[in-house]
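# Geometric and topological summary
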Amino acid sequence: MKLLAGRVLRTKQPEKMTLSLETSSATKPHVSEQPVTRNNLLEFLRSALDLARGITWQQGSDSLVRLHHLELTLSTQNTLYRKLVKRRISEQRALDPAADRNPKRLQIAVVSPQDSEMPAPPPWGEAVFHPRQLEQLLVDSPFRATYFHDCRLWQIYDRNQNFGLQWMQNSTDFPAWERGAPLRVFLHWAYQAQGYRLIHAGTLGKHDCGILIVGKGGSGKSGTVIGGIANGLKSVGDDYVLIRPSGERPTAFPLFTTLKQDRSGLERLGLERLAGTHPCNWQNKHEFESHEIAGDQLARSLPIGAVVLPRIAHARHSSIRKLSQSRAMLALAPTGLFQLPGERDSGVRFFSDLIRQLPCFELILGNDPAEVSHTLERLITGGFQCD
């Protein structure tokens, strides 16, 4: 069975696999030889985490990445993935002592048989797999997990121990979208326990205030963010940002440096040079880092004052008009809930509270990126009053 775009497909029953690690110690953790089913799921998750802890402790290949109120220890001998994390995760090099006096500590092991003593990961052993069912099975447990059939990859997290495992068949076989936002699901689980939330949105700001830019693929969200950065506006990122609800205004923090745009969009933005140096990803878009268009690092934080939904209209001039909370909720919540598994009920409440707290606007996009950016700058600096 394969899982594509949320659809559940049938698959042949996998053959039984032997997954125990050879060892002279009878007490050393090992993974059951059975394929994973609902009946042995919790035992499998616990055993896999115990085995990974022992192996990564022996290897001792750790890298420390500092994020907002989080210290991430990446344990892996996978050189490709280590470089990916270094490039794409927006490390906070100058920590704020007030915010990060006692950061949460998270360890994630990224392993495969090619780069560790871990055996090959087992398949899901039932005829039908549905991610929502997996979430429901784990709702009252200390574990969170996702599984990808096409590459037979498990992502497993122990909420009590703040330890995660990304278990792959080989060192290069992971979902295509992982390149743009590596370890995003682990960051989602770790931050959720602190009252934060990863959301699928872009950001732009001026001075000490900004907006969330929401919308499904093809709505103009990423092009608006890239154009804004190129024309002098601040940002803490596009696609996935971290939100902390606080006081009168929530605050956004950076997680990933990745920006992406198709060739025609880059040409419209005057950034066609990036198409020649960055190959297309799985969405036929070119991925690059924020510093390649702005030169500066992403902003450390951005207080959020409004939610904006762009609409491609090829208008002569860009304009802003008020947007209902229901339309803003439909633009923000579905992708955030689908792409970041687990904690769906709390996620719905989080998104609902966020939308109720902020004014919402629709941005009618014109053809000039600089004029779009100036329109948003006027909205932000003018106290979120539309014409």
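Our structure is the block above this text.
In this report, we go over the structure that sits alongside the text. Here the structure is a predicted model, which is why all the values come from computation and not from measurement.

## Things to note about unusual backbone geometry
Even without being glycine, Asp239 reaches a positive phi, approximately 80°. Position of Asp239 among the secondary structure elements: in the loop between helix H5 (221-230) and strand E12 (240-244). Given the relative accessible area of 14%, Asp239 is considered buried. With phi around 60°, Phe384 is a residue other than glycine that occupies positive phi space. By relative accessible area, which is 8% here, Phe384 ends up buried.

## Re the packing of helix H8 (residues 325-339) against helix H9 (residues 344-357)
Two elements in contact, H8 and H9, have axes separated by 10 Å at closest approach and are oriented at 150°. As for how H8 packs across H9, the hand of that crossing is right-handed. Here H8 contributes Gln325, Ala328, Met329, Leu332, Ala333, Gly336 and Leu337 to the contact with H9, which in turn contributes Arg344, Gly347, Val348, Phe351, Ser352, Leu354, Ile355 and Arg356. Split by residue class, the contact of H8 with H9 holds nine nonpolar, four polar and two charged.

## Details of the packing of aromatic side chains
Applying the stated criterion across every chain yields a total of 13 aromatic pairs. Plain terms: the ring middles of Tyr81 and Phe174 are 5.4 Å apart, the flat faces sit at 85° to each other, and that makes the pair edge-to-face. Of this pair, Tyr81 sits in helix H2 (residues 79-88) while Phe174 sits in the loop between strand E8 (163-167) and helix H4 (184-192), and the two are 93 residues apart along the sequence. Of the two residues, Tyr81 and Phe174, both sit in the buried class. Centroid distance Phe129 to Tyr147: 5.7 Å. Interplanar angle 75°. Geometry classified as edge-to-face. With Phe129 in the loop between strand E5 (104-111) and helix H3 (131-138) and Tyr147 in strand E6 (residues 143-148), this pair connects stretches of sequence that are 18 residues apart. Residues Phe129 and Tyr147 agree in their burial class; the two are buried. Each residue in the set Phe44, Trp124, Phe129, Tyr147, Trp154 and Trp167 is aromatic and connected to the rest through ring pairs, giving one cluster.

What counts and how
- Residues numbered from 1 in each chain as written.
- Predicted model: local features only at pLDDT ≥ 70, side-chain atom pairs only at ≥ 80, totals over all residues.
- Heavy atoms only, no water.
- Helix = DSSP H or I, 4+ residues; strand = E, 2+ residues; numbered from the N terminus.
- Buried < 20%, exposed > 50% of the residue type's maximum accessible area, 1.4 Å probe, protein only.
- Axes fitted to C-alpha atoms, helices over the stretch in contact; angles between N-to-C directions.
- Left-handed = near helix turned anticlockwise from the far one by under 90°.
- Contact = heavy atoms within 4.5 Å.
- Nonpolar A, V, L, I, M, F, W, Y, C, P; charged D, E, K, R; others polar.
- Phe/Tyr/Trp six-rings, centres within 6.5 Å; stacked < 30°, edge-to-face > 60°.

Read these as geometric descriptors, not functional statements.
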